[in-house]
Amino acid sequence: MHSADVIVVGGGSFGAAVAYGLVRQGVDTVILDGSDDSLRAARGNFGLVWVQSKGMGLQRYADWSRESSHLWTDFADDLQDSAGIHVNYQNGGGLNLLLSEEERENCRRSIDIMRQQAGPDGYDAEIIERDEVQKMVPGLRVGDEVAGASFGPHDGHANPLRLLRALHCGFEHRGGRYFAQNEVVSITHDGSAFVAQTANDRFVAPKIVIACGHGITKLAPMVGLNAPIRPQRGQVLVTERIETTVEMALGSIRQTDEGGFMFGNSEEEVGFNDGTTLPIAGNIAARAVKAFPQLSGVRLVRNWGCIRVLTPDKCAIYDESETMPGAYVATSHSGVTLAAVNAHHVANWVATGDTPPDFDHFSARRFDVPAAA
Ligand SMILES: Cc1cc2nc3c(=O)[nH]c(=O)nc-3n(C[C@H](O)[C@H](O)[C@H](O)COP(=O)(O)OP(=O)(O)OC[C@H]3O[C@@H](n4cnc5c(N)ncnc54)[C@H](O)[C@@H]3O)c2cc1C
């Protein structure tokens, strides 16, 4: 039997960020995590800190994403101090390349809707022309078929594997206890505290945060919570390292700090199948070459499939149980983007009960309202 102030279930992007923020506040915290073969989007994602397309239909989520990007520079510095790991955060804005007039028109419509939704607070992303794109990406010739791009000033990117490593190292360095291969099978309340049962052990704490990706659907109902998430596959391709330096974050073609390019991201409804397929990989590569023809000679070295954690409206869920206070759920498909707010505001919410403004907008109760026929 192990005891702590807070148990965090899940050591992926969400759980590790909240747990890191908790130990930074001096809260005695354990992370209970799955094993290396668990579904873990934290290991297969694209590494974007992305704001420009977030929050259609839920303005609080658009604001939340922007707030996180504003915290990211300090967050990355803090991780460097705690863990000695540089996550290579770049925050010069981000481009989403538009490869046809149809894509440009769809993007224009989305920007109009986001502007109306944001009202006086404003919405900063805008469409820019191909010449301007070329100036922002001087290292590569932009393809003739590029019909402009949407530019978001708050976007950036980081190395996602170093981020996960830094969160874990920083957590342990600040006194947190991490238990791998301790998948939680049940959560009960014994009258004074929550008891998380794993195959090997029992863990007891007055507070528990369920932030374990797809594991949430099984565990949340045990504490009176609901998190209706579903899987969606994204395939990613990685090239050999090349010298060209493209520092700016690009939505689906980005050069990593190590020199390789990452191409992505498909959106496939294939359940929990995290395999790869040649037709999808081919489409992703063809788009990259259309955007930057010079990339056609570059060799691909890896291709993987990874499962997104998607809520019905693609926005985050943060909830505290009404029937079992002290139990929380936290999830979204933007675990890199939101790592800074998770380590800051969400950890503070769990530690002190100080609820961020309008936080009820993130409750899963929003899905209880039946859609109009
Ligand atoms: C292809 C792709 C590209 C993406 N690109 C981006 C991007 O550019 N920017 C961005 O912000 N986000 C991106 N994401 C999303 C991001 O990776 C996820 O939002 C994030 O990883 C979710 O974090 P999580 O901790 O909820 O889940 P995960 O990272 O999946 O981690 C879940 C963890 O919980 C553990 N676990 C599961 N069940 C249990 C249990 N019962 N007990 C204990 N532990 C358990 C698992 O072992 C795992 O470690 C992308 C995702 C995909 C698939």
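Just above, that's the structure.
Caption draft 1: Expanded view of the site of the ligand. Taken together, 38 residues are adjacent to the ligand, and Asp33, Arg40, Ala41, Val184 and Gly335 come closest. Residue Val184 places a main-chain N or O atom 2.8 Å away from a nitrogen atom belonging to the ligand. Note that an oxygen atom of the ligand is positioned 2.8 Å from one of the backbone N or O atoms of Thr337. Coverage of the ligand by the protein amounts to 95% of the 990 Å² it exposes when considered alone. Of the residues assigned to the shell around the ligand, the class counts are 15 nonpolar, 19 polar and 4 charged. Composition of the shell around the ligand by domain shows at least three residues from each of domain 1 (2-83 + 160-228 + 314-366) and domain 3 (230-310).

Caption draft 2: Highlighting the pattern of salt bridges. As enumerated under the stated definition, the model contains 23 salt bridges in all. Put simply, Asp28 and Arg177 hold a salt bridge, and the shortest N to O gap is 3.0 Å. On the criterion of sequence distance, the pair formed by Asp28 in the loop between helix 1 (13-24) and strand 3 (29-32) and Arg177 in strand 9 (residues 177-179) is long-range, its members being 149 residues apart. For Asp28, a relative accessible area of 31% translates into the label partly exposed. Arg366 is paired through a salt bridge with Asp313; the nearest N and O atoms lie 2.7 Å apart. You can see Arg366 sitting in the segment after helix 8 (339-352) and its partner Asp313 sitting in the loop between strand 18 (300-310) and strand 19 (317-320), a full 53 residues away along the chain. Here the salt bridges share partners, and the residues they tie into one network are Glu105, Arg108, Arg109 and Asp112.

Caption draft 3: Main features of the side chain of Asn159. Tracing the sequence through the fold places Asn159 in the loop between strand 8 (156-157) and helix 5 (160-173). Residue classification places Asn159 among the buried residues on the basis of a relative accessible area of 5%. Among the polar contacts made by the side chain of Asn159, one reaches the side chain of Glu258 at a distance of 3.4 Å. The residues contacting Asn159, other than those within four sequence positions of it, are Val87, Asn88, Asp257 and Glu258.

Caption draft 4: Looking closely at the nonpolar core. Within the largest apolar cluster, 28 residues are counted, with the highest numbers of intra-cluster contacts made by Leu22, Tyr61, Trp64, Val209, Tyr318, Leu338 and Phe362. Looking at this core, the elements that each hand over two or more residues are strand 2 (6-9), helix 1, helix 2 (59-83), strand 20 (327-331) and helix 8. Discounting residues that sit within four places of it in the chain, Trp64 has contacts with Tyr318, Leu338, Val341, His345, Val346, Pro356, Phe359 and Phe362.

Caption draft 5: Seen up close, the pairing of strand 2. A two-sided burial pattern is seen for strand 2, the buried positions comprising Val6 and Val8 on one face and Ile7 and Val9 on the other. Relative to strand 3, strand 2 runs parallel, the two sharing 4 bridges. Considered in strand 3, the bridge of Val6 is made with Thr29. The parallel pair strand 2 and strand 3, bridged by helix 1, forms a crossover whose chirality is right-handed.

Caption draft 6: Here's a closer look at the packing of helix 2 against helix 5. Their axes nearest at 8 Å, the elements helix 2 and helix 5 cross at an angle of 60°. Compared by their axis directions, helix 2 and helix 5 come out oblique. Two packed elements cross with a definite hand, and for helix 2 against helix 5 that hand is left-handed. Between helix 2 and helix 5, the contacting residues are Trp72, Phe75, Leu79, Ser82 and Ala83 on the first element and Leu163, Ala166, Leu167, Cys169, Gly170 and His173 on the second. The residue inventory of the contact of helix 2 with helix 5, partitioned by class, reads 8 nonpolar, 3 polar and no charged.

Procedures and definitions
- Residues numbered from 1 in each chain as written.
- Predicted model: local features only at pLDDT ≥ 70, side-chain atom pairs only at ≥ 80, totals over all residues.
- Heavy atoms only, no water.
- Near = heavy atom within 4 Å.
- Polar contact = N/O pair within 3.5 Å; in protein donor to acceptor, adjacent residues only side chain to side chain.
- Areas by Shrake-Rupley, 256 points an atom, 1.4 Å probe, with all protein chains shown as cover.
- Nonpolar A, V, L, I, M, F, W, Y, C, P; charged D, E, K, R; others polar.
- Domains from an automatic or database assignment.
- Salt bridge = Lys/Arg side-chain N within 4 Å of Asp/Glu carboxyl O.
- Helix = DSSP H or I, 4+ residues; strand = E, 2+ residues; numbered from the N terminus.
- Buried < 20%, exposed > 50% of the residue type's maximum accessible area, 1.4 Å probe, protein only.
- Contact = heavy atoms within 4.5 Å.
- Core = buried A, V, L, I, M, F, W, Y, C linked by side-chain atoms within 4.5 Å.
- Pairing = 2+ DSSP bridges.
- Right-handed = clockwise from strand over helix to strand, strands pointing away.
- Axes fitted to C-alpha atoms, helices over the stretch in contact; angles between N-to-C directions.
- Parallel < 35°, antiparallel > 145°, perpendicular 65-115°, else oblique.
- Left-handed = near helix turned anticlockwise from the far one by under 90°.

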